[in-house]
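# Per-entry structural report
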Amino acid sequence: MRLLTNSDIDLSLAADALSRGGLVAFPTETVYGLGADAFNKQALARVFAAKRRPSFDPLIIHIAECAAADRVVAWERLSSRATEQARHLMAELWPGPLTLILPKQPCLPDLATSALRTVALRLPAHPIARRLIAESTGVVAAPSANPFGRLSPTRAEHVVRGLGEAVDFIIDGGPCALGVESTVLDLSGEKPIILRPGGMERERIEALIGPVALFDRMAVNITAPGQLLNHYAPRAALKLYPRGALAQARIEPGAVLLFFDAASRDSCQAAQGALSAVLSESGDLLEAAAALFDTLYRLDQEGIEYIHAERVPDIGLGVAINDRLYKASKKD
Ligand code: TXA
Ligand code: MG
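What comes next concerns the included structure. (Residues numbered from 1 in each chain as written. Chains lettered and ligands numbered in written order. Predicted model: local features only at pLDDT ≥ 70, side-chain atom pairs only at ≥ 80, totals over all residues. Heavy atoms only, no water.)

### Side note on the pairing of strand 6 (residues 118–122)
The element strand 6 is extensively covered by neighbouring structure, given that four of its five residues are classed as buried. In this sheet, strand 6 lies alongside strand 4 (residues 60–63) in parallel orientation, the contact comprising three bridges. Bridge pairing links His-62 to Arg-122 in strand 6. (Buried < 20%, exposed > 50% of the residue type's maximum accessible area, 1.4 Å probe, protein only. Helix = DSSP H or I, 4+ residues; strand = E, 2+ residues; numbered from the N terminus. Pairing = 2+ DSSP bridges.)

Below you can see the structure in the form of structure tokens.
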């Protein structure tokens, strides 16, 4: 494994490696991705091996321009209404943290999509990601660059620690601005449905195409492993509380209280003698999202065994943050 910068020379080296079937981890505006040429079966197989990811968990295909969608999407299998919605969202919200599930063309290897008839497609906003994709094959499969089930990486160091020698290159583009993964919106069915809340707020999608359902995690029919309940897990045992309820936590020695904002911490008596962390002092959801995985990684590194976390406001990006906190928590 070699760590690269965002210099022209390093980016061409990485693009060249991708084109030849190599594995390159790169920054996006959400989290770091582990990239492979989406048409190269051997490279795809290496992605699953590097992440120890079960092969029933399909990858997101990343493109650098909207036109590249035509290489993998079978538009003729999509209703005219859904096609209109997809085109509208692509025009208004791409590049950005929105992944669309659409019918796939047979030429895309089954390994990329776990033999589903649909493909997850995204056009990331990060300049390094777009350049890398454009200068390599234009169609790059990239799951988050972490071992399966663990925290998603928001810094190059997280990738080095999690995947290390299993990848060829890691491009260090600094911390990810958004810090939670893209919103996954399924347009292939009867009605649009959000399978995974993420960096693109449901409100912004609905403003463009009308009401969209949010996948109900209590439903039994799991179609995206991002919906699995124990996902994005830190090593510590994380217990989740309603906002403002951390005062009720029974705090083990060495446990950390994880607050949404300073106001919440300051009003909690229990925080006085205990270790604590705050996602955003001022209570800004964007800042909290960017700090989420980074804070959990840091607490893991410090060897913290117990985390008591409060939920954040359940609006906008807060929906994605609460989803990740819930999935990181121990369910009894
Ligand atoms: O922000 C992101 O989306 C990041 C960056 C690197 O772009 N990528 C990412 O990929 O989070 P990954 O593989 O960790 O998560 C992809 C999610 C999984 O929950 C997967 O099950 C779902 O998308 N997915 C992929 N293809 C699908 C399909 N055809 N139908 C339903 N869900 C699908
Ligand atoms: Mg992931």
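Moving on, there is more to tell.
### Considering the environment of Glu-76
The topology assignment puts Glu-76 in the loop between strand 4 and helix 3 (80–93). The class for Glu-76 is exposed, based on a relative accessible area of 68%. In this structure the C-alpha to C-alpha distance between Glu-76 and Val-212, which are 136 residues apart in sequence, comes to 23 Å.

### Concerning the pattern of salt bridges
As enumerated under the stated definition, the model contains 17 salt bridges in all. As a salt-bridge pair, Arg-46 and Asp-168 come within 3.1 Å of each other at their nearest N and O atoms. Of this pair, Arg-46 sits in helix 2 (residues 41–51) while Asp-168 sits in the loop between helix 6 (156–162) and strand 8 (169–171), and the two are 122 residues apart along the sequence. The salt bridge partner of Arg-131 is Glu-135, with a shortest N-O separation of 3.0 Å. Pair noted here: Arg-131 and Glu-135 are both in helix 5 (residues 127–135), with a separation of four residues, about one helical turn. A relative accessible area of 30% places Arg-131 in the partly exposed class. Here the salt bridges do not stand alone but share partners, grouping Glu-181, Asp-323, Arg-324 and Lys-327 into one network. (Salt bridge = Lys/Arg side-chain N within 4 Å of Asp/Glu carboxyl O.)

### Some thoughts on the packing of aromatic side chains
In total, this model carries zero aromatic pairs according to the counting rule given. Of note, Arg-87 hangs over the ring of Trp-75, and the distance from its end group to the ring centre comes to 4.0 Å. (Phe/Tyr/Trp six-rings, centres within 6.5 Å; stacked < 30°, edge-to-face > 60°. Lys NZ or Arg CZ within 6 Å of the ring centre and 35° of its normal.)

### Examining the pairing of strand 13 (residues 256–259)
Burial of strand 13 is two-sided: the residues Val-256 and Leu-258 facing one way and the residues Leu-257 and Phe-259 facing the other way are all buried. Relative to strand 14 (residues 275–278), strand 13 runs parallel, the two being bridged by four bridges. Looking at strand 14, one finds that Val-256 is bridged to Leu-275.

### Regarding the environment of Pro-234
Tracing the backbone through its elements, the reader meets Pro-234 in the loop between strand 11 (213–214) and strand 12 (237–241). What makes Pro-234 buried here is its relative accessible area of 3%. Those residues in contact with Pro-234, other than ones at most four positions away along the chain, are Arg-150, Leu-151, Leu-296, Asp-300 and Ala-328. (Contact = heavy atoms within 4.5 Å.)

### Comments concerning the nonpolar core
Leu-34, Ile-61, Leu-89, Leu-98, Leu-100, Leu-185 and Ile-205 are the most contacted members of the largest nonpolar core, which has 50 residues in total. Here Leu-100 is in contact with Ala-86, Leu-89, Met-90, Trp-94, Val-119, Ala-120, Leu-121, Leu-185 and Leu-187, once residues within four sequence places are set aside. In this structure, Leu-151, Tyr-297, Leu-325 and Ala-328 belong to the second largest nonpolar core, which totals 29 residues. (Core = buried A, V, L, I, M, F, W, Y, C linked by side-chain atoms within 4.5 Å.)

### A word on helix 9 (residues 285–301)
With 17 residues, helix 9 should reach 24 Å at 1.5 Å per residue; the first-to-last C-alpha distance of 24 Å fits that figure. Ala-291 marks where helix 9 bends most, by close to 35 degrees. Along helix 9, the residues classified as buried are Leu-285, Ala-288, Ala-289, Ala-291, Leu-292, Phe-293, Thr-295, Leu-296, Tyr-297, Leu-299 and Asp-300. If you follow the buried residues of helix 9, they end up packed against helix 6, strand 12, strand 13, strand 14, strand 15 (306–310) and helix 10 (318–328). Taken from the residues just after helix 9, Gly-303 is the one with a positive phi, measuring 80 degrees. (Expected span 1.5 Å × (residues − 1). Bend = angle between axes of the 7 residues up to and from the residue.)

### Some points on the packing of helix 9 against helix 10
It is the contact of helix 9 with helix 10, at a shortest axis distance of 9 Å, that shows an interaxial angle of 25 degrees. Classified by the angle their axes make, helix 9 and helix 10 are roughly parallel. The hand of the helix 9/helix 10 crossing is left-handed. On helix 10, the residues touching Leu-285, Ala-288, Ala-289, Leu-292 and Phe-293 of helix 9 are Gly-318, Ile-321, Arg-324 and Leu-325. Split into classes, the residues belonging to the contact of helix 9 with helix 10 amount to seven nonpolar, one polar and one charged. (Axes fitted to C-alpha atoms, helices over the stretch in contact; angles between N-to-C directions. Parallel < 35°, antiparallel > 145°, perpendicular 65-115°, else oblique. Left-handed = near helix turned anticlockwise from the far one by under 90°. Nonpolar A, V, L, I, M, F, W, Y, C, P; charged D, E, K, R; others polar.)

### A closer look at the sheet that holds strand 10 (residues 193–196)
Spatial ordering of the open sheet is given by 1-8-2-3-7-4-6-5-9-10-11, a layout of eleven strands whose pairing is mixed. Bordering the open sheet on either side are strand 1 (2–4) and strand 11, each of which pairs with just one other strand. Contacting strand 2 (24–26), strand 4, strand 7 (139–141) and strand 8, helix 5 crosses the sheet at an angle of about 150 degrees to strand 2.

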